[in-house]
Amino acid sequence: MTSQVSRIALPPDYRPSDDEPFMNELQREYFRQKLLHWREELLNESSETVHHMQEESLQQPDLTDRASMETDRALELRTRDRERKLISKIDAALRRIDDDSYGYCEETGEPIGIKRLEARPIATLSVDAQERHERMERTHREE
């Protein structure tokens, strides 16, 4: 993936602001690095889980201990599955940075906004579009 290569050097204290052009080169690089760091953390946690599960023995003589360990393992696997899906969304966001569509609402084409991207760097919808989407889901669920 081409996103692995840093294109420009960010000033160490750089934070995107609304006072600069939206999704300029610095902002794109800032979010690229933020996404890559997040992805790396998730992958590290995943490999730690695999290592931990390989070391753990299910040969617990006590039935209660074994059941507890299996419950913990199932919970851990569900968490890792959610993180796997999150990594896929991070990869999609990195591709959007590469094709210059990152930061713009998939529904309206309007800027998503720096504050929303800071809070949820994988966001694909503006706050208004996301709220409309969630209202539609609730409406269809209730029918």
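Residues numbered from 1 in each chain as written. Predicted model: local features only at pLDDT ≥ 70, side-chain atom pairs only at ≥ 80, totals over all residues. Heavy atoms only, no water.

Caption draft 1: Structural context of the side chain of Glu20. Among the secondary structure elements, Glu20 is positioned in the segment before helix 1 (25-55). For Glu20, the contacting residues outside a window of four places in its chain are Tyr14, Arg15 and Gln27. (Helix = DSSP H or I, 4+ residues; strand = E, 2+ residues; numbered from the N terminus. Contact = heavy atoms within 4.5 Å.)

Caption draft 2: Up close: unusual backbone geometry. Positive phi is not limited to glycine here, since Met23 has a value of about 55°. The class for Met23 is buried, based on a relative accessible area of 5%. Non-glycine residue Asp100 carries a positive phi angle of around 65°. By the element assignment, Asp100 lies in the loop between helix 2 (63-98) and helix 3 (114-119). (Buried < 20%, exposed > 50% of the residue type's maximum accessible area, 1.4 Å probe, protein only.)

Caption draft 3: Quick peek at the packing of aromatic side chains. Under the defined criterion, the tally for this structure stands at four aromatic pairs. Each ring, one from Phe22 and one from Tyr104, has its centre 5.2 Å from the other, and the planes form 90°; the classification is edge-to-face. With Phe22 in the segment before helix 1 and Tyr104 in the loop between helix 2 and helix 3, this residue pair connects regions lying 82 residues apart in the sequence. Summarising the aromatic geometry, the rings of Tyr30 and Phe31 are spaced 5.1 Å apart at their centres and angled 85° between planes, so their arrangement reads as edge-to-face. For Phe31, a relative accessible area of 0% corresponds to the buried category. Three or more aromatic residues link up through ring pairs in this structure, and these residues are Tyr14, Tyr30, Phe31 and Tyr102. (Phe/Tyr/Trp six-rings, centres within 6.5 Å; stacked < 30°, edge-to-face > 60°.)

Caption draft 4: Quick peek at the environment of Glu118. By the secondary structure assignment, Glu118 is in helix 3. The spacing of Glu118 and Phe31 is 87 residues in sequence and 8.2 Å in space, taken between C-alpha atoms. If we ignore the near neighbours within four places in the chain, the residues touching Glu118 are Arg15, Pro16, Tyr30, Phe31 and Lys34. A distance of 2.8 Å separates the side chain of Glu118 from the side chain of Tyr30, its partner in a polar contact. Here the side chain of Glu118 touches Lys34 through a polar contact of 3.0 Å, side chain to side chain. (Polar contact = N/O pair within 3.5 Å; in protein donor to acceptor, adjacent residues only side chain to side chain.)

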